[in-house]
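Commentary on secondary and tertiary structure
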Amino acid sequence: MRHLLPIDRIISEFDTGLRTLLAKPHSQRVHPDAGVAEAELSDAEKKHACALMRVNHTGEVCAQALYSGQALTAQDAATSKTMQQAAREETEHLAWCETRIHQLGGHTSVLNPLFYAGSFAIGAVAGALGDKWSLGFLEETEKQVGAHLASHLDQLPEVDEKSRKIIKQMQTDEAKHANDARQLGAANLPSPVKFCMKQMSKLMTASTYHF
Ligand SMILES: [Fe+2]
Ligand SMILES: [Fe+2]
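For clarity, every value in this text was computed on a predicted model and none was experimentally measured. Within each chain, residue numbers correspond to sequence positions counted from 1 in written order. Ligands are numbered from 1 and chains lettered from A, in the order in which they are written. Local features in this predicted model are restricted to residues whose pLDDT is 70 or higher, and side-chain atom pairs enter the listing and the counts only when it is 80 or higher, whereas totals over whole chains, interfaces and linings include all residues. Side-chain measures were taken over the full set of non-hydrogen atoms in the model, leaving aside hydrogen atoms and water.

A closer look at the overall build of the protein chain
Condition: To qualify as a helix, a DSSP run of H or I must reach at least 4 residues; to qualify as a strand, a run of E must reach at least 2; elements of each kind are numbered from the N terminus. Three labels apply to residues, based on accessible area from a 1.4 Å probe with only protein chains included: buried if under 20% of the type maximum, exposed if over 50%, partly exposed otherwise in between. Pairs of residues are marked as contacts when any of their non-hydrogen atoms sit within 4.5 Å. The Shrake-Rupley method, run with a 1.4 Å probe sphere, supplies the accessible areas, and residue values consider only the shown protein chains as cover.
Counting secondary structure elements, the protein chain contains 7 helices and 0 strands. In the protein chain, the succession of α and β elements from N to C terminus is α-α-α-α-α-α-α. Within the protein chain, buried positions represent 48% of all 211 residues. Sequence-distant contacts in the protein chain: of pairs separated by 6 or more residues, those separated by 24 or more amount to 88%. For the protein chain, the computed accessible surface area is about 10,500 Å², with 62% contributed by carbon and sulfur atoms.

Quick notes on the coordination of the iron ion (ligand 2)
Going by this rule: Coordinating donors are taken as N, O and S atoms within 2.8 Å of the metal, stretched to 3.2 Å for Na, K and Ca; because water is absent from the atoms, sites can appear incomplete.
Coordination of the iron ion (ligand 2) by the protein comes from Glu-90 (OE), Glu-142 (OE), Glu-142 (OE), Glu-174 (OE) and His-177 (ND1), over a distance range of 1.9 to 2.5 Å. We note that the donor set of the iron ion (ligand 2) lies within a single chain, spaced as E-x51-E-x31-E-x2-H. Distance-wise, the iron ion (ligand 1) is placed 3.7 Å from the iron ion (ligand 2), both being coordinated by Glu-90. Here Glu-142, found in helix α5 (residues 131-155), pairs with Glu-174, found in helix α6 (residues 161-183); they are 32 residues apart in sequence, far enough to count as distant.

Quick notes on the coordination of the iron ion (ligand 1)
Six octahedrally arranged donors around a metal ideally form angles of 90 or 180 degrees; four tetrahedrally arranged donors ideally form angles of 109.5 degrees. At the metal site, the iron ion (ligand 1) is ligated by Glu-60 (OE), Glu-60 (OE), Glu-90 (OE), His-93 (ND1) and Glu-174 (OE), and these contacts range over 1.9 to 2.5 Å. Mapped onto the sequence, the donors of the iron ion (ligand 1) take the spacing E-x29-E-x2-H-x80-E.

Here we look at helix α4 (residues 112-128)
Residue pairs three or four apart in sequence face the same way in an α-helix, which turns once every 3.6 residues. Selection criterion: Every helix has an expected span of 1.5 Å times one less than the residues it contains. Throughout, the arc means that of the directions going from the helix axis to the C-beta atoms.
Here α4 spans 24 Å end to end across 17 residues, near enough to the 24 Å set by a 1.5 Å rise per residue. Buried residues of α4: Asn-112, Phe-115, Tyr-116, Ser-119, Gly-123, Ala-124, Ala-126 and Gly-127, and no others. When α4 is viewed along its axis, its buried side chains cluster within an angular range of 165 degrees and face the same direction. Facing away from the buried surface of α4 by more than 90 degrees, the exposed residues are Leu-114 and Val-125.

Some remarks on the packing of α5 against helix α7 (residues 191-210)
We count it as follows: Every angle, taken between N-to-C directions, lies between 0 and 180 degrees, and every axis is a line fitted to C-alpha atoms, over only the stretch in contact when it is a helix. By the definition adopted for this analysis, an angle is roughly parallel if under 35 degrees, roughly antiparallel if over 145, roughly perpendicular if from 65 to 115, and oblique otherwise. Handedness of a helix crossing follows the sense of rotation of the near helix relative to the far helix, less than a right angle counterclockwise being left-handed and clockwise being right-handed.
Running from amino to carboxyl end, α5 crosses α7 at an angle of 45 degrees, the nearest separation of the two axes being 11 Å. The angle between the axes of α5 and α7 places the two elements in the oblique class. Relative to α7, α5 is oriented so that their crossing is right-handed. Here α5 contributes Phe-137, Glu-140, Thr-141, Gln-144 and His-148 to the contact with α7, which in turn contributes Lys-194, Met-197, Lys-198, Ser-201 and Thr-205.

Brief notes about the packing of aromatic side chains
For clarity, the cut-off: Think of it this way: a Phe, Tyr or Trp ring, Trp meaning its six-membered ring, pairs with another when their centres are within 6.5 Å, and the plane angle makes it stacked under 30 degrees, edge-to-face over 60, tilted otherwise.
Using the criterion set out here, one finds 1 aromatic pair in the structure. Measuring from centroid to centroid gives 6.4 Å for Tyr-116 and Phe-120, while their planes differ by 20 degrees, and the two rings are stacked. Residue Tyr-116 and its partner Phe-120 are both found in helix α4; the two are separated by 4 residues, about one turn of the helix. The exposure class of Tyr-116 is buried, given its relative accessible area of 7%.

What to know about the confidence of the model for the protein chain
The line we're drawing: Each residue carries a pLDDT score, the predictor's own confidence in it, on a scale running from 0 to 100.
Residues with a pLDDT of 70 or more make up 93% of the protein chain, whose mean pLDDT is 87. Model confidence for the protein chain, summarised as mean pLDDT per element, is weakest for helix α1 (residues 6-22) at 69 and strongest for α6 at 93.

As for the pattern of salt bridges
Let me state the cut-off plainly: Between Lys or Arg on one side and Asp or Glu on the other, a salt bridge is scored when a side-chain nitrogen of the former is within 4 Å of a carboxyl oxygen of the latter.
In total, this model carries 8 salt bridges according to the counting rule given. Glu-92 is the salt-bridge partner of Arg-29, the closest N and O atoms lying 2.6 Å from each other. Here the residue Arg-29 occupies a position in the loop between α1 and α2 (43-73), and Glu-92 occupies one in helix α3 (residues 77-103), the gap between them amounting to 63 residues. On the accessibility criterion, Arg-29 (32% relative accessible area) is partly exposed. Looking at Glu-92, the relative accessible area reads 9%, which means it is buried. In this structure, Glu-139 engages Lys-143 in a salt bridge whose closest nitrogen and oxygen atoms are separated by 3.6 Å. With Glu-139 and Lys-143 both in helix α5 and 4 residues apart, this pair spans about one turn of that helix. Taking relative accessible area as the criterion, Lys-143 reaches 43% and is therefore assigned partly exposed. Look at the salt bridges and you will find they share partners, linking Arg-29, Glu-92 and Asp-173 into a network.

Here is the structure:
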């Protein structure tokens, strides 16, 4: 693989950012809920399911921004490539969540540009610290997203099988991402860093549920 010059990388990651925020994401895989019939949901259930899917959508925006930032500053070409691949796979999650949000009659979060910028900066710093820390950051992010998705399965209306299918497939994918990072030599992050990441995630969840 050709080694990208820094300016190429910056342009490439800037392009990823614009596409994440502005373009309609596409999924190469068939959407997990394709062929599942829409359930009868009350207005309150619809609103709640939509808000949860909006939180998940912003989580995917953050994941893409993190990996994009990490790809920008990763020292090792193989790590940079892994980060770019992970970011591309998150695009499918974005597409699934966005479609579901619209089916439920809602909108994606207006706060997405803010969370994209913050997550990109965090990713760039993690990447600059070195690949084992960057991979550790990726693994911890994926683990926290997995736990978060599990809590959403508990909260979603029981009959909303379409949203459930999407979340279950995302759980499987995120577990694979975490495993890939571990295989590549991820370091175990210090507890205070994990704690800060959880607090950030709580802030994101609380705000994007409503906005
Ligand atoms: Fe994802
Ligand atoms: Fe992931």
